[in-house]
Amino acid sequence: MISTMEKTKVESQKRQSETQDVLAFSLGIIFIGCLIQVVGMAKGDSLVFPSVFEILKAFFRLIRTVHTYHLIFTTLSHVCVAMIFSTIIGIAIGMVEGLVPFVKKMLTPLMIMLRSIPMIVLVVIIMVLTKYARVPYIAATLILVPLISEATAEGCAHIDSELIDVYRLNSNFSPRILWSVYLPLMAGYLKQAYISAVGMGVKLIVSSEYLVQTRNSLGKAIHSSGYFNEYEDIYAYALIMILLIVLLTELPLRLLRKIS
């Protein structure tokens with residue numbers, strides 16, 4: 001009986017916490033709208049800073065258009081490919097860095113360079129070296145690799161050595177050991193890296209698409225809207241990007257919580 005009451009109390013507190021989170025998030029969105037409105041009024045330029053009503057009108061117009069979903073699909077495909085490659089490369093490098101400290105020190109300058117190099121400089125260099133269609137994938141992958149490799153190396157370094165000794169008694173390091181032993185123990189580090197990488201990945205991909213004028217992409221659409229002074233569409237596309245990031249980060253985590 002007591003156990004049931006405690007369980008009910010915990011569930012009630014959890015629902016209350018989720019309600020507060022939704023309320024706080026909603027108030028944050030309203031605050032952004034008010035901020036845009038205030039800046040527009042202070043600037044006195046309704047073209048560059050359209051009203052919230054105009055932005056929402058453009059947003060609902062865009063999400064009712066089939067072409068918008070073609071743009072989203074193109075950008076999401078770039079994000080998914082970049083995330084797959086950066087995850088594979090980042091985990092591989094991070095595991096080596098975590099297991100061999102000398103390699104981590106040796107690769108530190110390279111990782112600092114990839115984290116610090118301006119996006120536009122990297123894109124220009126890649127544009128010279130390869131086809132424009134590959135630029136979004138390569139640019140985002142190169143910048144996301146240090147983020148994932150650092151999380152992997154930290155997670156690997158903080159694994160309890162006694163747990164590692166247990167598997168060493170029965171087997172050498174292998175892909176199966178990586179999947180069944182290391183990755184579950186590093187899940188917390190990788191989850192935070194994933195959340196950061198997805199949000200950053202969407203911004204990097206759209207910026208790359210904007211610079212190389214990728215067909216049927218959000219980046220190209222934003223460039224066209226700016227060219228024709230359709231600033232309400234630019235803000236609407238920004239709102240679409242925010243929703244994409246929220247869906248790509250929060251939805252998988254919520255599904256994992258329900259499964260577990």
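Everything numeric in this text was worked out from a predicted model, so none of it was measured.

J.: Whenever I open this one, the side chain of Glu209 confuses me. Can you help?
T.: By the element assignment, Glu209 lies in helix α9 (residues 187–212). No salt bridge forms around the buried Glu209; measuring N to O, its nearest opposite-charge neighbour Lys220 is 11 Å away. Each residue touching Glu209, except ones within four places of it in the same chain, is listed here: Thr74, Thr75, His78, Pro136, Thr214, Ser217, Leu218, Gly219 and Lys220.

J.: What's the story with the packing of aromatic side chains in this structure? I'm lost.
T.: The description of two aromatic rings rests on the distance between their centres and on the angle between their planes. Within the structure shown, the criterion is met by two aromatic pairs. Consider the rings of Tyr227 and Phe228, whose centres lie 5.1 Å apart with planes at 90°: the pair is edge-to-face.

J.: Looking at this structure, I do not really get unusual backbone geometry. What am I missing?
T.: For residues besides glycine, phi is generally negative; the peptide bonds are generally trans as well. With phi around 60°, Gln213 is a residue other than glycine that occupies positive phi space. Structurally, the position occupied by Gln213 is in the loop between α9 and α10 (218–227). Note on Gln213: relative accessible area 26%, which makes it partly exposed. A positive phi is found at Asn216, a non-glycine position, where the angle reads about 50°. Tracing the sequence through the fold places Asn216 in the loop between α9 and α10. Assessed through its relative accessible area of 43%, Asn216 is described here as partly exposed.

J.: Can you walk me through helix α6 (residues 135–157) in this structure?
T.: Three- or four-residue spacings in an α-helix give side chains the same orientation, since the helix completes a turn every 3.6 residues. Between the first and last C-alpha of α6 there are 33 Å, a value that for 23 residues agrees with the 33 Å anticipated at 1.5 Å per step. Its maximal kink placed at Leu144, α6 deviates by approximately 30°, while the proline Pro146 follows within four residues.

J.: Please explain the packing of helix α3 (residues 66–99) against α9 as it appears in this structure.
T.: Packed helix pairs are specified by the crossing angle of their axes together with the interaxial distance, meaning the distance between the axes. Taken N-terminus to C-terminus, the directions of α3 and α9 make an angle of 125°; their axes are 9 Å apart at the nearest point. When the axes of α3 and α9 are compared, the pair comes out oblique. Crossing of α3 over α9 shows right-handed handedness. Seen from α3, the contacting residues are Thr74, Thr75, His78, Val79, Ala82 and Met83; seen from α9, they are Tyr194, Ala197, Val198, Gly201, Val202, Ile205, Val206 and Glu209. Partitioning the contact of α3 with α9 into residue classes produces nine nonpolar, four polar and one charged.

Criteria and cut-off values
Residues numbered from 1 in each chain as written. Predicted model: local features only at pLDDT ≥ 70, side-chain atom pairs only at ≥ 80, totals over all residues. Heavy atoms only, no water. Helix = DSSP H or I, 4+ residues; strand = E, 2+ residues; numbered from the N terminus. Buried < 20%, exposed > 50% of the residue type's maximum accessible area, 1.4 Å probe, protein only. Lys, Arg positive; Asp, Glu negative; His and termini not counted. Salt bridge = Lys/Arg side-chain N within 4 Å of Asp/Glu carboxyl O. Contact = heavy atoms within 4.5 Å. Phe/Tyr/Trp six-rings, centres within 6.5 Å; stacked < 30°, edge-to-face > 60°. Expected span 1.5 Å × (residues − 1). Bend = angle between axes of the 7 residues up to and from the residue. Axes fitted to C-alpha atoms, helices over the stretch in contact; angles between N-to-C directions. Parallel < 35°, antiparallel > 145°, perpendicular 65-115°, else oblique. Left-handed = near helix turned anticlockwise from the far one by under 90°. Nonpolar A, V, L, I, M, F, W, Y, C, P; charged D, E, K, R; others polar.

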